[in-house]
Amino acid sequence: MSRLGAAGMETLAVIDFETTGMSPGQGARATEIAVVLVCDGRIVDRYQNLMKTGAYIPPFIEELTGISNAMTRNAPAADKVMREVADFVGGYPLVAHNAAFDKKFWDAELARAGKARQQEFTCSLLLARRIYPNAPNHKLGTLVRYAQVPEAGRYHRALADAEMTANLFLRMEEELIRRYRLDSVPHALWQAIQATPKNKLEACVERFRGND
DNA sequence: TGCCAGGCCCTCTTTAGGGCCTT
């Protein structure tokens, strides 16, 4: 499901988690979440909150993110934040950089809040590998510089990373429209590109155009 | 006890291994 914005464009929710580790299956918990809504080629709304889970943040992660144990101790409860952010996102399609990571935490933290995911994720990392195959690598920071996307604050804070992911996504949209002379890039085409083999981007777009 | 992510994607591949990405 995707709702339409004022100009008839689809709205997408770009999400980023900061966490205590790599996997909720190993006990890692979220420490911060941000979502930016993208519609009609721009960011139209934002949500950001630290969240208190009681999980210990290792020193390495405190250093990486700038989010300390003291900060999360005074944050609102994780289940309350997750219910709020789920209401904010609604049924909009979700986008994240390396979505497999954020999807694990989205599902795990939502479940703890008594809710379930309503929509699929689109991965800006998989899209970037297809659209920018010649980038030095496909880390978010590298792609921001490679695609000349404005930096939005400190890397590894949720809102800054979500905004940069959103701006990277919008830049990739512009690139596809320019390269293949499209009117727009509907969500279904993003999903098709993500699922297509890495060296078959052009064929994927042409097939979609033919079916459109 | 000891270990501990996991999906994508390339290649010296498919009866597999290892780097890339996310915190």
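Residues numbered from 1 in each chain as written. Chains lettered and ligands numbered in written order. Predicted model: local features only at pLDDT ≥ 70, side-chain atom pairs only at ≥ 80, totals over all residues. Heavy atoms only, no water.

## Topic: empty space enclosed by the protein
Part 1: Within this structure, the stated rule accounts for one cavity of 30 Å³ or more.
Part 2: By volume, the largest cavity is sized at about 50 Å³.
Part 3: Together, A86, G90, W106, L110, K115, A116, R117, Q118 and Q119 line the largest cavity.
Part 4: Broken down by class, the residue content of the lining of the largest cavity amounts to four nonpolar, three polar and two charged. (1 Å grid on protein atoms, 1.4 Å probe; cavity = no way out; pocket = protein on both sides within 12 Å on 5 of 7 lines; lining within 4 Å. Points joined across faces, edges and corners; volume = space filled by probe spheres on them. Nonpolar A, V, L, I, M, F, W, Y, C, P; charged D, E, K, R; others polar.)

## Some remarks on the packing of helix α8 (residues 187–195) against helix α9 (residues 201–211)
Part 1: At a closest axis distance of 10 Å, the pairing of α8 and α9 adopts a crossing angle of 145°. For the pair α8 and α9, the sense of crossing is right-handed. Together, A188, L189, A192 and I193 of α8 and L201, C204, V205 and F208 of α9 make up the contact between the two elements. (Axes fitted to C-alpha atoms, helices over the stretch in contact; angles between N-to-C directions. Helix = DSSP H or I, 4+ residues; strand = E, 2+ residues; numbered from the N terminus. Left-handed = near helix turned anticlockwise from the far one by under 90°. Contact = heavy atoms within 4.5 Å.)

## Quick look at the nonpolar core
Part 1: I131, Y132, L168, M172, L176 and W190 are the most contacted members of the largest nonpolar core, which totals 36 residues.
Part 2: If you list the elements that add at least two residues to this core, you get β1 (12–19), β2 (30–39), α5 (124–131), α6 (140–146), α7 (158–180), α8 and α9.
Part 3: The greatest single-element share of this core, amounting to eleven residues, is contributed by α7.
Part 4: Setting aside anything within four residues of it in sequence, one finds M172 in contact with S124, L127, A128, I131, Y132 and W190.
Part 5: With 29 residues, the next largest nonpolar core counts A13, A30, L110 and A113 among its residues. (Core = buried A, V, L, I, M, F, W, Y, C linked by side-chain atoms within 4.5 Å. Buried < 20%, exposed > 50% of the residue type's maximum accessible area, 1.4 Å probe, protein only.)

## Focus on the protein's contact with DNA strand B
Part 1: Around DNA strand B lies a shell of 26 residues, among which E18, M22, R130, H138 and H156 are the nearest.
Part 2: When atoms of DNA strand B within 4 Å of the protein are split into backbone and base, the sugar-phosphate part holds 69%.
Part 3: At a separation of 2.7 Å, a sugar or linking oxygen of DNA strand B approaches a polar side-chain atom of E18.
Part 4: Between L140 and DNA strand B, the recorded distance is 2.8 Å, taken from a backbone N or O atom to a phosphate oxygen. (Near = heavy atom within 4 Å. Polar contact = N/O pair within 3.5 Å; in protein donor to acceptor, adjacent residues only side chain to side chain.)

## Some thoughts on the layout of surface pockets
Part 1: Looking at the largest pocket, its volume works out to about 630 Å³.
Part 2: When contributions to the lining of the largest pocket are tallied by element, the ones reaching two or more residues are β1, α1 (59–65), α4 (99–112) and α6.
Part 3: Per-class residue counts for the lining of the largest pocket are eight nonpolar, seven polar and six charged.

## Description of the packing of α5 against α7
Part 1: As a packed pair, α5 and α7 sit with axes 11 Å apart at the nearest point and diverge in direction by 35°. For the pair α5 and α7, the crossing hand works out as left-handed. Packed against α5, whose contacting residues are S124, L127, A128 and I131, the element α7 presents T165, F169, M172, E175, L176 and R179 at the interface.

## With respect to the packing of aromatic side chains
Part 1: A complete count under the given rule lists five aromatic pairs for this structure.
Part 2: Arranged with centres 5.7 Å apart and planes meeting at 40°, the rings of Y47 and F88 form a pair that is tilted. Of this pair, Y47 sits in strand β3 (residues 42–50) while F88 sits in helix α3 (residues 78–89); the two residues are 41 residues apart in sequence, bridging distant segments of the chain.
Part 3: Taken together, the aromatic side chains of F17, F101 and F105 make up a single cluster linked through ring pairs. (Phe/Tyr/Trp six-rings, centres within 6.5 Å; stacked < 30°, edge-to-face > 60°.)

## Considerations on α8
Part 1: H187, L189, W190, I193 and Q194 are the residues of α8 that are buried. Along the axis of α8, the buried positions cluster into a sector of 160°, meaning they face one direction only.
Part 2: If you follow the buried residues of α8, they end up packed against β1, β5 (121–123), α5, α7 and α9. (Arc of directions from axis to C-beta.)

## Brief notes about the sheet that holds β1
Part 1: Overall, mixed pairing links the five strands, which are arranged β3-β2-β1-β4-β5 in an open sheet. Strands with a single pairing partner mark the edges of an open sheet, and in this sheet they are β3 and β5. With strand direction ignored, the average angle separating the axes of adjacent strands in the sheet is 25°.
Part 2: Judged from the eight bridges that link them, β2 and β3 form a sheet pairing that is antiparallel. In the sheet register, A34 faces β3, and the bridge partner there is Q48.
Part 3: With respect to the sheet, α3 is in contact with β1, β2, β3 and β4 (94–96), its orientation differing from that of β3 by roughly 170°.
Part 4: Across the sheet, α8 lies against β1 and β5, angled at about 60° from β5, the strand it touches most. (Pairing = 2+ DSSP bridges.)

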